[in-house]
Amino acid sequence: MTEYRKPFGSRAMHVSASGGTQPLDEYFLKLFISHLDISFPPSAKMVAGNAVQRVVDLTLGFDFEHNKKMSFDEALHIVQREYSFYKPRTYDDGKDAEEHAEIKPHLLAMAYNASNGLHEYFGKQSFEGERKEYMDVDQLDVPVVYFIDYRSNNKMIDLKTSYPVRNPIKKDGTRTWRVPKPQTKPNTNQVIQQAVYWKATGLTPALLFVTAEGYEIATPETTELLSNESLEHHFNIVKQRWLVQQNIMKKSKSWREAFDMVQPDLERIKAYHGDDIYKIAKVQWNIQ
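First things first, this report covers the structure right here in the doc. None of the values given here were measured: they were computed from a predicted structure. (Residues numbered from 1 in each chain as written. Predicted model: local features only at pLDDT ≥ 70, side-chain atom pairs only at ≥ 80, totals over all residues. Heavy atoms only, no water.)

1. Some details on the side chain of glutamine 193
Step number 1: Locating glutamine 193 in the fold gives a position in helix α7 (residues 188-201).
Step number 2: A distance of 2.7 Å separates a polar atom in the side chain of glutamine 193 from a polar atom in the side chain of lysine 160.
Step number 3: At a separation of 3.0 Å, a polar atom in the side chain of glutamine 193 contacts the side chain of tyrosine 197.
Step number 4: Contact partners of glutamine 193, with chain neighbours within four places excluded, come to Ala17, Asp158 and Lys160. (Helix = DSSP H or I, 4+ residues; strand = E, 2+ residues; numbered from the N terminus. Polar contact = N/O pair within 3.5 Å; in protein donor to acceptor, adjacent residues only side chain to side chain. Contact = heavy atoms within 4.5 Å.)

The structure is reproduced here in structure tokens:
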């Protein structure tokens, strides 16, 4: 039943909320470069989000590598060292490198805020960290893979981080930064992600928004976007996107046929992923 997916690589053997919220051209391009054992380049913000969660997980004993609770100082020392190894992007006029340098001093405050937010949300309930899980969805030929950041026996929460924002360069050539306030409401993609988790588990959803300034917790009580009605609506949106991806694969006997069914935004691909990925995209869409 899933033989048609095998030419598109192992990643095509499941779907996910993130894959369902990607632009269609990026979805198939990501499948193709994964087939080549390549991946989209990370960013300082993406790596920092993982770093904040890793600090928290180390202090809670949720990190499988160390498998013990650490103090914040111990965890931060490990994670800041790992974060320092990140090599910033070179195709964005230095923006990623500036953000990488500015974010590092804020990791401790963000991890503290994330930890405080988790303990406020779960209170005296015991809770656990991330693990890989699957669910089956009607009309889909492959399972949905999902990762919930933190959950108890009746509710869940995902960690979302925001970072210092660059101000314009001043006349003297220097730049200042602004630490944003945490969000209070999820965006569409975040609601879709929660809708997938909710459909899979039935757990009450929430989002923990964290910056170096503080944290906010969005729940069904604070925003209608996380109501059951909204979650059902947004799950149907992502399911329809998965079905579009599935139908393209079913109708395609080759990568060429699949790419011919999808309109690329090459300028966005170049801006987000750099020249190397851009060159691959041009070849696959036969645009020179």
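There is more to say, and it comes next.
2. Side note on the sheet that holds strand β1 (residues 15-16)
Step number 1: Reading across the sheet, the three strands line up as β1-β3-β2 and stay open at both edges, with mixed pairing between neighbours. The open sheet has two edge strands with one neighbour each: β1 and β2 (132-135).
Step number 2: Where β2 lies against strand β3 (residues 144-147), four bridges are found, and the strand directions are antiparallel. What sits directly across from glutamate 133, in β3, is tyrosine 146.
Step number 3: Against the sheet, α7 makes contact with β2 and β3, and its axis sits at roughly 105° relative to β3, the strand it touches most. (Pairing = 2+ DSSP bridges. Axes fitted to C-alpha atoms, helices over the stretch in contact; angles between N-to-C directions.)

3. Examining the pairing of strand β5 (residues 156-161)
Step number 1: Counting buried positions along β5 gives five out of six residues, so the element sits mostly inside the fold.
Step number 2: Here strand β4 (residues 150-151) pairs with β5 via two bridges, running antiparallel. Each bridged residue has a counterpart across the sheet, and for tyrosine 150 the counterpart in β5 is isoleucine 157.
Step number 3: Hairpin connection between β4 and β5: a loop of four residues separates the two successive antiparallel strands.
Step number 4: Where β5 and strand β8 (residues 207-210) come together, four bridges link them in parallel fashion. Bridging across to β8, leucine 159 finds its partner in leucine 208. (Buried < 20%, exposed > 50% of the residue type's maximum accessible area, 1.4 Å probe, protein only.)

4. A closer look at the packing of aromatic side chains
Two measures describe an aromatic ring pair: the distance that separates the ring centres and the angle between the ring planes.
Step number 1: For the structure on display, the rule yields 15 aromatic pairs.
Step number 2: Centre to centre, the rings of tyrosine 27 and phenylalanine 28 are 5.2 Å apart; their planes meet at 90°, and the pair counts as edge-to-face. Grouping residues by exposure puts tyrosine 27 and phenylalanine 28 together as buried.
Step number 3: Look at phenylalanine 62 and tyrosine 150: their rings are 6.3 Å apart centre to centre, the planes differ by 40°, and that puts the pair in the tilted class. Taken as a pair, phenylalanine 62 in the loop between α3 (44-60) and α4 (72-84) and tyrosine 150 in strand β4 lie far apart in primary sequence, 88 residues in all.
Step number 4: When its relative accessible area of 21% is taken as the criterion, phenylalanine 62 is described as partly exposed.
Step number 5: Here a set of aromatic residues connected by ring pairs shows up, and it is made of Phe8, Tyr27, Phe28, Phe32, Trp255, Phe259 and Trp285.
Step number 6: The ring of tyrosine 121 carries lysine 155 above its face, with NZ or CZ at 4.1 Å from the centroid. (Phe/Tyr/Trp six-rings, centres within 6.5 Å; stacked < 30°, edge-to-face > 60°. Lys NZ or Arg CZ within 6 Å of the ring centre and 35° of its normal.)

5. Notes on the sheet that holds β5
Step number 1: Strand order in this open sheet of four strands is β4-β5-β8-β9, and the pairing throughout is mixed. Both outer strands of the open sheet, β4 and β9 (215-218), are each paired with one neighbouring strand and no more.
Step number 2: Bridging between β8 and β9 involves four bridges; their strand directions are antiparallel. Note on β9: the bridge partner recorded for valine 210 is tyrosine 215.
Step number 3: Here α7 sits on the sheet and contacts β5 and β8; the angle it forms with β5, its principal contact strand, is near 160°.

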